[in-house]
Every structure is written in C-alpha cells, then in structure tokens.
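Topology and contacts: notes
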Amino acid sequence: MALETKTDVPDVPDSDPHVRRGRRGFPLLPGGYGRDAYHTGAVPTYALRGAGYRLWDDQGRELIDANNNFTTLVHGNAHPQIVEAASRAMGSGSCWGIPNPGEWELADLLLQRLPGLDQVRFTNSGTEAVMSAVRIAREVTGRAGVIMTRGGYHGSSDVALCAGGEQSARGVPESTVREVSLVPLNDIDSLRQVIEEKPHHHAAIVLDLLPNRAGLIPLTAEFLSAARDLADQHGILLIIDEVISLRLSAGGLSGEYGIVSDLLTAGKLIGGGFPVGAVAGREEVMRVLDPRRKGSIPHSGTFSGNPVSMAAGAEALRLLSPDAVARLNRLGDQARSVVSARIEPLGWEVRGFGSLLRVFPVRKTSVDRDTQHRLWWAAYHRGLLLSSANLAALTTPMTTEVVDDLADRLADAVAEVAETTAG
C-alpha cells in the first residue's frame, strides 16, 4: 500500500556500498543509521573495539574517544572494574521479574550525591526519565503545561522534542506543542511573564543547567534562583535535567548552584555503559509512584532497574569520586586553555565547564549543520572522535599528555574549517 506523507524531505539515493541491505534491497536501518545522532554528513564509520580513552574503527583508525557515547562513558571504554561488575551480574541473571538488590545499592549511591532528594525510580534511558518526571509533575499538580528553555534537549519524548522548535517537533501532535511554553535562556522576565499569564496552568519547569544544543551556555545563578522562587510561588515543580551534567560535580551541577529541585533526572554515566535512566525526587512528590497507595500512577519498564545496569552503574559512581571529578574538571580547564589560545585568533571560541568542551564561531549560539559535519570529519581524520554536535567529553583514563594531544587535534581541526570557510 502506498502511503501519503507530509514530508518535504527529498529522496536520498541509497547507493552507499558500506550500508548493509536486506533481501528487498533496502538498507537494514533507515539511511544506514541506527540513530540520528550518528549522522555526520558522509559515509558512516563503525566502531569495532574500545579500551580506555581509545577506540578503533572498521577502517583501521585509532582514535582518541572524546565522544564516549555522547558523554556516557565517563571512565572510558571497557573499564576493567565496570566490566567485571557487569559480567558478575550477568552471570547471575541479566533480568528478573522481581526486585533485585542492585536497585537499592545504586539508588543509595545516587541519593548520597543529591542532598534534599529522598527516592529514586529507575528507567531505561534519560528520555524515559524526563518523560516520567513530567508525568509525575502533572499528577502532583493536576496541571498540564510545561516550561522549557528554547533550543534545549531533554530526550525524544513528544513533550521534550518541543524544546527544539518546529523541526524537532515534527510528528508531535499540535495539542502537545500547545502545552509547552519556551522561554529564552536566562531570560527571567520572559519566564515570569509566561507563568503569570497562566498562573494555574503549568505543572513543571524543566531546566538543563548547561544545555549543549542551546550553545553550551550555562544557566545563570540568578535565572535558576528565579525559577526556584517562581515555582514555589505558583505551585509548579522544578525539574532539573542532569542526564549529562551529573558528571560535572560530586553533587551534580545543581549542587554547584546550591539549588534543590523537586525532581532530578539522571542517566548516561549512572549505567556504566548500559541502558539506564533515573528520576530522583522528594518523597512528597515521589509518593505518587508508590503502588501501595490508592490512586498511584503506574510506571514500569521491562528492563528498568535490571541488575546488569545497576551493577555497572554502581561501580561507575563509586569510581567517580569527588577527587576523580575534580581531576577531570582540571583537565577540562587545561584543554579549554590550550584550545582557546589556538582558535581565538581564527574567530572561534571554546565553551564548557568541567570535563565538557565545545568550539563555536565567536558569539554564535549554534553552528550550522554543514560546518558541524566538516569540523567532525576534520577532527576524525586527525584521530579525534567528537560527538556529531562537536562536543568533547573527557574521561578518567585520560592523562595530561592525552588531553594536550586532544586539544591540539581539535585546534588543528578548527583551523582547517576556519581556513576553508574564510576561503
């Protein structure tokens, strides 16, 4: 049956010989990609093996891995203690239909870092964590509206996609789009106006404190404090998304601001390289998930809290001690200093905090897709693997020498792109 579609995306020829095809001649994966985040504008490469800060691809390249599955692998590839913990758990059974003690252990380790929060419910991803947090907020408040900062990224649920604007929200029902209010980053007046125009409409304010897709510009302390105050005044729950930023401080980046959220979402590093997500919150909020209580909201997931993710995640959190975080952050400062000195004369700048850094043309909050792709390949051909958005994430196996090498390769890649752009 032929389907009518509303898309205006032109047909792309599927002629790449490196893409595996099914019996009917089509790529086994749409476009040859398992997720959009892999797309870098040219023939995809494939990872074959990783160890520590290094990764090897199917073309024989040895790479410095500064992607780390989009900041997940804070301890690098195949860390022996995490491998051992996951293998031990898998040897006893990879998943069960009753609780396992690993849930208690990882929840305890996580809450030790998050004073003011009391309970945790695990999910399979950061997307699910944010989606669940929004649902909890809607149940607790009896409201539907959600406030986010414009250009942010909180996963791929319908509500979260609205933050990315019209392109990101394609396929999302208009009724959902109408429930999401977007405010400019760090614009307190806009936030206040959105809330006061409909004082009983919003269930949650969802904030990423260092939003990568919005230019890796941090929220100001004043904006976050205002969000906390406005939420309290109007009965709105404050949700802080720390899926990425939990790595940046022993107590998460929110701990650096001294702000306690009502709900906090985590993911990535807390699974040690396995699928995971988590919602942490105050007991009076989280109690709506207690299945013993009349009127509780259902929340499940076949693999939520599975013992392998729990064991690997617990080991990853133990390894990410306050001293390890401080060391990584110092390496991040070192990398930004080296890169900045090299690229500022070229009209570029480096942004970030702690173990995260990303380069941008000066005073731009975004980089066009073509420039992103050219920079990615320029770095890749120099043996440096960035995220598809050019974000670099440092890991604990990296030394001062490795980080200097990483910074030089990144600066060289920027120089190539800057030269071709100027030409």
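Worth saying up front: this structure is predicted, and the values here are computed from it rather than measured. (Residues numbered from 1 in each chain as written. Predicted model: local features only at pLDDT ≥ 70, side-chain atom pairs only at ≥ 80, totals over all residues. Heavy atoms only, no water.)

**Regarding the sheet that holds strand β12 (residues 356-361)**
One open sheet accounts for three strands, arranged β11-β12-β14; its pairing is antiparallel. Only two strands of the sheet have a single partner each, and these edge strands are β11 (348-353) and β14 (391-393). The average angle at which neighbouring strand axes cross in this sheet is 25°, direction not considered. Where β12 and β14 come together, three bridges link them in antiparallel fashion. Paired with leucine 356 across the two strands is alanine 393, which belongs to β14. (Pairing = 2+ DSSP bridges. Helix = DSSP H or I, 4+ residues; strand = E, 2+ residues; numbered from the N terminus. Axes fitted to C-alpha atoms, helices over the stretch in contact; angles between N-to-C directions.)

**Some thoughts on helix α13 (residues 369-380)**
Over its twelve residues, α13 extends 16 Å from the first C-alpha to the last, a length consistent with the 16 Å expected when each residue adds 1.5 Å. With nine of twelve residues buried, α13 lies mostly within the body of the structure. When α13 is considered as a whole, its buried residues turn out to be Thr371, Gln372, His373, Leu375, Trp376, Trp377, Ala378, Ala379 and Tyr380. Of the residues that open α13, the one with a side-chain oxygen 3.2 Å from the backbone nitrogen of aspartate 370 is aspartate 368. (Expected span 1.5 Å × (residues − 1). Buried < 20%, exposed > 50% of the residue type's maximum accessible area, 1.4 Å probe, protein only. Polar contact = N/O pair within 3.5 Å; in protein donor to acceptor, adjacent residues only side chain to side chain.)

**Description of the pattern of salt bridges**
A pair can form between side chains of opposite charge whenever their charged atoms are brought close. Following the criterion strictly, the structure yields 19 salt bridges and no others. Where aspartate 232 meets arginine 228, a salt bridge forms, and the shortest distance between an N and an O atom there is 2.8 Å. A residue pair is termed a helical-turn pair when its members lie 3 or 4 positions apart in one helix, as aspartate 232 and arginine 228 do in helix α8 (residues 221-234) at four residues. Look at arginine 228 and you get buried, because its relative accessible area is 11%. With a shortest N-O distance of 2.9 Å, arginine 318 and glutamate 315 are connected by a salt bridge. Within this pair, arginine 318 and its partner glutamate 315 are both found in helix α11 (residues 307-319), separated by three residues, close to a single helical turn. The class for arginine 318 is partly exposed, based on a relative accessible area of 40%. For glutamate 315, a relative accessible area of 11% translates into the label buried. Here the salt bridges do not stand alone but share partners, grouping Arg228, Asp232, Asp262, Arg282 and Glu284 into one network. (Salt bridge = Lys/Arg side-chain N within 4 Å of Asp/Glu carboxyl O.)

**Some points on the sheet that holds strand β13 (residues 384-385)**
The sheet built from four strands is open, its strands ordered β1-β2-β3-β13 with mixed pairing. Single-partner strands in this sheet number two, and they are β1 (47-51) and β13. Across three bridges, strand β2 (residues 54-57) lies against strand β3 (residues 62-65) in antiparallel orientation. When the bridges of β3 are listed, tryptophan 56 appears paired with glutamate 62.

**Section: the environment of lysine 268**
Take lysine 268: it is sitting in the loop between β9 (263-267) and β10 (277-281). Lysine 268 sits in the partly exposed class, given a relative accessible area of 24%. Put simply, lysine 268 and glycine 313 are 45 residues apart on the chain and 9.1 Å apart in space, counted from C-alpha to C-alpha. When residues no more than four places from it in sequence are discounted, the contact partners of lysine 268 are Asn69, Phe70, Thr71, Thr72, Val243, Ile244 and Val276. (Contact = heavy atoms within 4.5 Å.)

**So, the pairing of β9**
Most of β9 sits inside the fold, with five of its five residues counted as buried. Side chains Leu263, Thr265 and Gly267 project from β9 onto one buried face, and the interleaved Leu264 and Ala266 project onto a second face that is buried too. Sheet topology places strand β8 (residues 237-241) next to β9; three bridges connect them, and they run parallel. Residue pairing for β9: aspartate 241 is matched across the bridge by threonine 265. Pairing between β9 and β10: five bridges, direction antiparallel. Bridging across to β10, alanine 266 finds its partner in alanine 278.

**A look at the environment of leucine 237**
In this structure, leucine 237 sits in strand β8. Separated by 31 residues in sequence, leucine 237 and valine 206 place their C-alpha atoms 8.6 Å apart. The contacts of leucine 237, once residues within four sequence positions are left out, are Ala137, Val140, Thr141, Ala203, Ala204, Ile205, Asp262, Leu263 and Val285.

**Some points on the nonpolar core**
Residues Ile270 and Val359 are the most contacted members of the largest nonpolar core, which totals 59 residues. Per-element tally for this core: the top contributor is helix α14 (residues 400-422), with ten residues. Residue contacts for isoleucine 270: discarding those within four places in its chain leaves Leu106, Leu110, Leu246, Val276, Gly277, Ala278, Ser309, Gly313 and Leu317. Within the second largest apolar cluster, 27 residues are counted, among which are Ile147, Leu191, Leu209 and Phe360. (Core = buried A, V, L, I, M, F, W, Y, C linked by side-chain atoms within 4.5 Å.)

**Overview of the domain arrangement of the chain**
By the assigned domains, the chain splits into domain 1 (39-74 + 322-420) and domain 2 (81-319). Distance between the C-alpha centres of domain 1 and domain 2: 26 Å. Taken together, the contacts link 24 residues of domain 1 with 17 residues of domain 2. Across the domain 1/domain 2 interface, buried area totals approximately 1700 Å², and carbon plus sulfur atoms make up 63% of it. Along the contact surface separating domain 1 from domain 2 lie zero salt bridges. The set of elements that each furnish at least two residues to the side of domain 1 that touches domain 2 consists of α1 (68-71), α12 (322-343), β11, β12 and β14. Across the side of domain 1 that touches domain 2, the residue classes tally to 14 nonpolar, eight polar and two charged. (Domains from an automatic or database assignment. Buried area = accessible area lost by both parts, 1.4 Å probe. Nonpolar A, V, L, I, M, F, W, Y, C, P; charged D, E, K, R; others polar.)

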